[in-house]
Amino acid sequence: MSNASIEVLISEVGPRDGLQSIQSIMPTANKELWINALYQSGIREIEVASFVPAKLLPQMADAADVVRYAKTFPDLTVLALVPNLKGAEAAIQAGVDKITIPVSASAAHSLANVRKTREEMIEELKKIIGFRNAHAPLVQVEVGIATAFGCTLQGMVPEDEVIWLAEQVIEVGVDEAGLSDTTGYANPAQIKRLFKRLRNAIGNKAGAAHLHNTRGLGLANCLAAYEEGVRSFDSSMGGLGGCPYAPGASGNVVTEDLVFMFEAMGVNTGVSLEKLFEAREVLRLGLPGEAIYGMVPEAGLPKGFSKKGSI
Ligand code: ZN
């Protein structure tokens, strides 16, 4: 299985989005076993941690150690989430390949999540880009436009504001901007409309789809995004994840189900489903008592299933 033929990039966000949203704290050794198992399955981009004060998120207190461990794997893009310049400095110091910064399209969510207005976040991005350019020009900077499809706090988020924000972040030097359905409000028609507008606005700087399965539309939304030309998808093993500041938001798209969908369609993800299921067991052992979701791992692969869509 060669990376060159990968048609869709699966970016695993479980070690960050998943682990920061649950009560249990996974020990560093278990995180390492899990990252190793994910890598062995063929996953080549992992969001391994977020760089936030340990008193706010004790689940992420070992972020720098986890980054250093993940950096030992060849050809693995090691990603960390950072909310501000301080986090970016720490992540870059730890050696990440890429940082991702959530910028909320919803004014209310922005204040709740990072205690900044959207305009203040743009200013913070300028500082982060300045630091990156001066100290680590090879580190990629990605923005995920959070609550792009609706917000549990303010309800509707105007599409014009989402696109305005994407244009602003690219203008200050961010490498790519993707869209996040933080709250699981999106539907396929909306996904197609907004990703099309995003591409029209910022061209090939349009980034990943980060979609949640809160209302059962996660895979349908991923397919809609794929049909609109999106080729990079965030997902979480076992559907772990949500957002602690978006009440009621739970569950990223399940990596196992997403990989199955694409592989069954004959779209190469570079990921082995069998090895992905082994990684799921490693996750389960590291999180005793936590709910691990996913339809395909429970039901099993169809009889005679092989990649390339033929069964
Ligand atoms: Zn998420």
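To be clear, the structure that these remarks concern was listed above.
The structure reproduced in this document is the subject of the present report.

The rules behind each value
Residues numbered from 1 in each chain as written. Predicted model: local features only at pLDDT ≥ 70, side-chain atom pairs only at ≥ 80, totals over all residues. Heavy atoms only, no water. Helix = DSSP H or I, 4+ residues; strand = E, 2+ residues; numbered from the N terminus. Rg over C-alpha atoms; globule rule 2.2 N^0.38 Å. Contact = heavy atoms within 4.5 Å. Areas by Shrake-Rupley, 256 points an atom, 1.4 Å probe, with all protein chains shown as cover. Lys, Arg positive; Asp, Glu negative; His and termini not counted. Charge placed at Lys NZ, Arg CZ, Asp CG, Glu CD. Buried < 20%, exposed > 50% of the residue type's maximum accessible area, 1.4 Å probe, protein only. Pairing = 2+ DSSP bridges. Right-handed = clockwise from strand over helix to strand, strands pointing away. Phe/Tyr/Trp six-rings, centres within 6.5 Å; stacked < 30°, edge-to-face > 60°. Lys NZ or Arg CZ within 6 Å of the ring centre and 35° of its normal. Donors = N, O, S within 2.8 Å, 3.2 Å for Na, K, Ca; no water. Tetrahedral: all angles 85-135°; square planar, octahedral: opposite > 155°, others 65-115°. Salt bridge = Lys/Arg side-chain N within 4 Å of Asp/Glu carboxyl O.

Describing the overall build of the chain
Assigned secondary structure in the chain consists of 12 helices and 8 strands. On C-alpha atoms alone, the chain measures out to a radius of gyration of 18 Å, which is about the 19 Å that the 2.2 N^0.38 rule sets for 311 residues. The principal-axis extents of the C-alpha atoms in the chain amount to approximately 55 × 40 × 35 Å. Pairs at least 24 residues apart make up 74% of the contacts formed inside the chain by residues separated by at least 6 positions. If you sum the accessible surface of the chain, you get close to 12600 Å²; carbon and sulfur atoms cover 54% of it. Across the chain, 28 positive and 35 negative side-chain charges occur, with their mean positions spaced 1 Å apart.

Re the side chain of Ser11
Structurally, Ser11 can be placed in strand 1 (residues 9-12). Residue Ser11 is classed as buried on the basis of its relative accessible area of 0%. Aside from chain neighbours lying at most four places away, what touches Ser11 is Glu45, Leu79, Phe233, Asp234 and Ser235.

Observations regarding the pairing of strand 3 (residues 77-81)
Among the 5 residues that make up strand 3, 4 are buried, leaving the element largely enclosed by the rest of the structure. In this structure, strand 2 (residues 45-50) lies alongside strand 3, joined through 5 bridges in parallel fashion. Within strand 3, the residue paired with Glu45 across the bridge is Thr77. The parallel pair strand 2 and strand 3, bridged by helix 3 (residues 63-70), forms a crossover whose chirality is right-handed. Relative to strand 4 (residues 98-104), strand 3 is paired through 3 bridges, and the arrangement is parallel. Of the residues in strand 4, the one forming a bridge with Ala80 is Ile99. The parallel pair strand 3 and strand 4, bridged by helix 4 (residues 85-94), forms a crossover whose chirality is right-handed.

Describing the packing of aromatic side chains
By the definition in use, this model includes 6 aromatic pairs. The interplanar angle of 50 degrees and the centroid separation of 5.3 Å between the aromatic rings of Phe233 and Phe262 together place this pair among those described as tilted. Note that Phe233 is positioned in strand 8 (residues 232-235) and Phe262 in helix 10 (residues 255-264), a separation of 29 residues in sequence. Note on accessibility: Phe233 and Phe262 belong to one class, buried. A cation over a ring is seen here: Arg44 above Tyr39, with NZ or CZ 3.8 Å from the ring centre.

Some thoughts on the coordination of the zinc ion
Coordination of the zinc ion by the protein involves Asp17 (OD), His210 (NE2), His212 (NE2) and Asn252 (OD1), with metal-donor separations of 2.0 to 2.4 Å. Because the angles between the 4 donor atoms bound to the zinc ion fall within 75 to 153 degrees, the donor set is best described as irregular. When the donors of the zinc ion are listed by position in the chain, the intervening gaps give D-x192-H-x1-H-x39-N. Of the two residues, His212 is situated in the loop between strand 7 (206-210) and helix 9 (218-227) and Asn252 in the loop between strand 8 and helix 10; the sequence distance between them amounts to 40 residues.

Topic: the pattern of salt bridges
Inspection of the entire model under this criterion finds 19 salt bridges. Between Glu142 and Lys98 there is a salt bridge whose closest N-O contact spans 3.5 Å. Of the two residues, Glu142 sits in strand 5 (residues 140-146) while Lys98 sits in strand 4, which places them 44 residues apart along the sequence. Taken as a pair, Glu142 and Lys98 share a single burial class, namely buried. Linking Glu298 and Arg284 is a salt bridge whose minimum nitrogen-to-oxygen distance equals 4.0 Å. With a gap of 14 residues between them, Glu298 in helix 12 (residues 296-299) and Arg284 in helix 11 (residues 273-286) connect regions that are remote in the sequence.

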